[in-house]
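Listed here are the chains, written in short residue letters.
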Amino acid sequence: MEEKRKIIMDVDTGSDDAIALVMSMLDEHFDLLGICSVNGNIEVKLTTDNSLRVVECCEKEEDVKVYKGCDLPMVSTLTPWSPQSTGIQSWGLINEPPRKNPRRSGDRPGDKEVHPEHLPLPEPRIKEDSRSAVQFYLETLLAAKDGEITLVPVGPLTNLAVAMRADPRIIPKIKEIVIMGGGHLMNNSSPASEFNIWVDPEAAEVVIQSGCKITWVPLDATHAAYITVEESKKIRELGTKPAVLVADLIEQRTIGYARSDAEMRDLKGAPIHDALAVCAVLHPEVLKDVLHTNVHVDVGGSYAYGQTIVERRIRVIEEEKNCYFALNADRKMFYDWMYEVLKNDKEKRGL
Ligand code: BDR
Ligand code: CA
């Protein structure tokens, strides 16, 4: 029997994170070891709650646990004048309620539609595990064989960077890290940077300097693999709870993107960023125009803070190549995979 791919998801759920979670739970080729939540699209207590809702929607509460992760980025909120800072840390008022999410892009048109605070699912009955996401990474990876586990962070990289700094012995245990984040010709949170990296640039740089095999699924690829409202209707017709959730979220995202992105408005669709990273773990050929090159994240705290700086010069020195960075994607392959996984799940349930 074919061995399943052991993965850990790291999410800031988030509508596209929710679709990524559905796919990671329902694709039978995965052995999902756990879900780590993190501060990002919304604050970590909400990303945790939303992740628990998705686990229940897929009826996986017996198999998959959620581990609550870091509630603030490593460094980026410490500068009082940075656009992300609440000023809370700098004034030493760390326990001052309410603690608003410091890095939410928040008030841009379409944001609330794209990432509502609560997913359209019932309040969860299950709770997160008592261990933190960082503890879970350390325990699970230290107990694993070398190169055994693939990590799929599709939110800010805070949990993983903290775990790597806490115990670098976890690094050889990692088979590959498939990151949804970054952008070369496309960005969304600043003129230079993509949201997941912009939230916690230092964490991203720690992770990509770890020496692990890194595959980037940046905005250039995820925007090429947009899904349309028309396609979501076919998913909805499957009629299962996970399929209806996926269709609802695609439609909701399409409404949000129509308010902020002229191209997506014309295409009547939206990128489902995080789910493309999940697809790329099993089907790397879904990523196109993949550069084997050197990428660093700007941690300088100025205009390019959080930018993924992609080496495009022809003579990249072999030793300096530290990742694979996709500039395009096969949107049909992505959609077909999503549909097939949801259809197989329906058949498995005997519906
Ligand atoms: C990324 O940012 C988040 O808003 C999405 O969930 C995705 O992970 C896209 O820039
Ligand atoms: Ca995300």
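Data block above holds the structure.
## Focus on the environment of Met 9
Thought 1: By the secondary structure assignment, Met 9 is in strand S1 (residues 5–11).
Thought 2: Residue classification places Met 9 among the buried residues on the basis of a relative accessible area of 0%.
Thought 3: Note: C-alpha distance between Met 9 and Glu 61 (52 residues apart in sequence) is 15 Å.

## A short note on the nonpolar core
Thought 1: Membership of the largest hydrophobic core comes to 59 residues, with the highest contact counts inside it found for Met 9 and Phe 334.
Thought 2: The element that contributes the greatest number of residues to this core is helix H1 (residues 15–26), accounting for eight residues.
Thought 3: Residues contacting Phe 334, with those up to four places away along its chain left out, are Ala 225, Ile 227, Ile 272, Ala 275, Leu 276, Cys 279 and Val 286.
Thought 4: Tyr 67, Leu 138, Ile 174 and Ile 214 belong to the second-largest nonpolar core, a separate cluster that totals 39 residues.

## Quick look at the site of ligand 1
Thought 1: Neighbouring ligand 1 are 13 residues; Asp 16, Asn 41, Asn 188, Glu 194 and Asp 274 lie closest to it.
Thought 2: A distance of 2.8 Å is found between an oxygen atom of ligand 1 and a side-chain nitrogen or oxygen belonging to Asn 188.
Thought 3: In the model, an oxygen atom of ligand 1 is placed 2.6 Å from a nitrogen or oxygen of the Asp 274 side chain.
Thought 4: Protein chains bury 94% of the 280 Å² of accessible surface belonging to ligand 1 in isolation.

## Describing the coordination of the calcium ion (ligand 2)
Thought 1: Around the calcium ion (ligand 2), the donor atoms from the protein are Asp 12 (OD), Asp 17 (OD), Asp 17 (OD), Val 154 (O) and Asp 274 (OD), and they sit 2.4 to 2.8 Å away.
Thought 2: Read in sequence order, the donor residues for the calcium ion (ligand 2) give the motif D-x4-D-x136-V-x119-D. Placement of Asp 17 in helix H1 and of Val 154 in the loop between strand S4 (149–153) and helix H5 (158–166) is noted, with a sequence separation of 137 residues between them. Side by side, Asp 17 and Val 154 carry an identical accessibility label, which is buried.

## Some thoughts on the packing of aromatic side chains
How two aromatic rings sit relative to each other is given by the distance of their centres and the angle of their planes.
Thought 1: Inspection of every chain in the model, using the stated rule, returns five aromatic pairs.
Thought 2: Their ring planes at 35° and their centres at 6.3 Å tell us that Phe 195 and Trp 198 sit as a pair that is tilted. Taken together, the positions of Phe 195 and Trp 198, both in helix H6 (residues 195–199) and three residues apart, correspond to about one turn of that helix.
Thought 3: On the basis of relative accessible area, Trp 198 is assigned to the buried category, the value being 10%.
Thought 4: Considering the side-chain rings of Phe 334 and Trp 337, the 6.2 Å spacing of their centres and the 20° angle between planes classify their relative orientation as stacked.

## Things to note about unusual backbone geometry
Thought 1: Here the amide bond leading from Thr 13 into Gly 14 is cis, since omega sits at -10°, within 30 degrees of zero.
Thought 2: Relative to the assigned elements, Gly 14 resides in the loop between S1 and H1.
Thought 3: Residue Asp 289 is not a glycine yet carries a positive backbone phi of 50°.
Thought 4: With respect to the helices and strands, Asp 289 occurs in strand S9 (residues 287–293).

## Focus: the side chain of Asp 12
Thought 1: Structurally, the position occupied by Asp 12 is in the loop between S1 and H1.
Thought 2: Buried and without a salt bridge, Asp 12 has Arg 253 as its closest oppositely charged side chain, separated by 9.3 Å.
Thought 3: A polar contact of 2.8 Å, which involves the side chain of Asp 12, links it to the backbone nitrogen of Asn 41.
Thought 4: Residue contacts for Asp 12: discarding those within four places in its chain leaves Asp 17, Val 38, Asn 39, Gly 40, Asn 41, Thr 47, Val 154, Gly 155, Pro 156, Phe 195 and Asn 196.

Criteria and cut-off values
- The residue numbering used here restarts from 1 in each chain and proceeds along that chain's sequence as written.
- All chains are assigned letters beginning with A, and all ligands numbers beginning with 1, in the order in which they are written.
- Totals for whole chains, interfaces and linings use all residues, but because this is a predicted model, local features are given only for residues with pLDDT of at least 70 and pairs of side-chain atoms are given and counted only at 80 or more.
- Working from all heavy atoms in the structure, the side-chain values ignore hydrogens and water.
- Starting at the N terminus, helices and strands are each numbered in turn, a helix being any DSSP run of H or I of at least four residues and a strand any DSSP run of E of at least two.
- Only protein chains enter the calculation, and the probe is 1.4 Å; a residue is then buried if its accessible area is under 20% of its type maximum, exposed if over 50%, and partly exposed in between.
- Throughout this description, the term nonpolar core refers to a set of buried Ala, Val, Leu, Ile, Met, Phe, Trp, Tyr and Cys residues connected via side-chain atoms within 4.5 Å.
- Contacts are assigned to residue pairs that have any heavy atoms within 4.5 Å of one another.
- Nearness of a residue to a molecule or strand requires only that one of the residue's heavy atoms be within 4 Å of it.
- Identification of polar contacts relies on pairs of N or O atoms within 3.5 Å, with a donor-acceptor requirement for protein atoms, meaning one able to donate a hydrogen and the other able to accept it, and with residues adjacent in sequence counted only if both atoms are side-chain atoms.
- Here the accessible surface of atoms and residues is derived via Shrake-Rupley with a 1.4 Å probe, and residues count as covered only by protein chains that are part of the display.
- Donor atoms: N, O and S within 2.8 Å of the metal, or within 3.2 Å for Na, K and Ca. Because water is excluded, sites can look incomplete.
- Classification of ring pairs uses Phe, Tyr and Trp, with its six-membered ring standing for Trp, and accepts pairs whose centres are within 6.5 Å; under 30 degrees between planes counts as stacked, over 60 as edge-to-face, and the remaining range as tilted.
- In this count, Lys and Arg are taken as positive residues and Asp and Glu as negative ones, while His and the chain termini are left out.
- Basic side-chain nitrogens of Lys or Arg form a salt bridge, by our definition, when they fall within 4 Å of a carboxyl oxygen of Asp or Glu.

Note that all results are geometric; they support no functional claim without further evidence.
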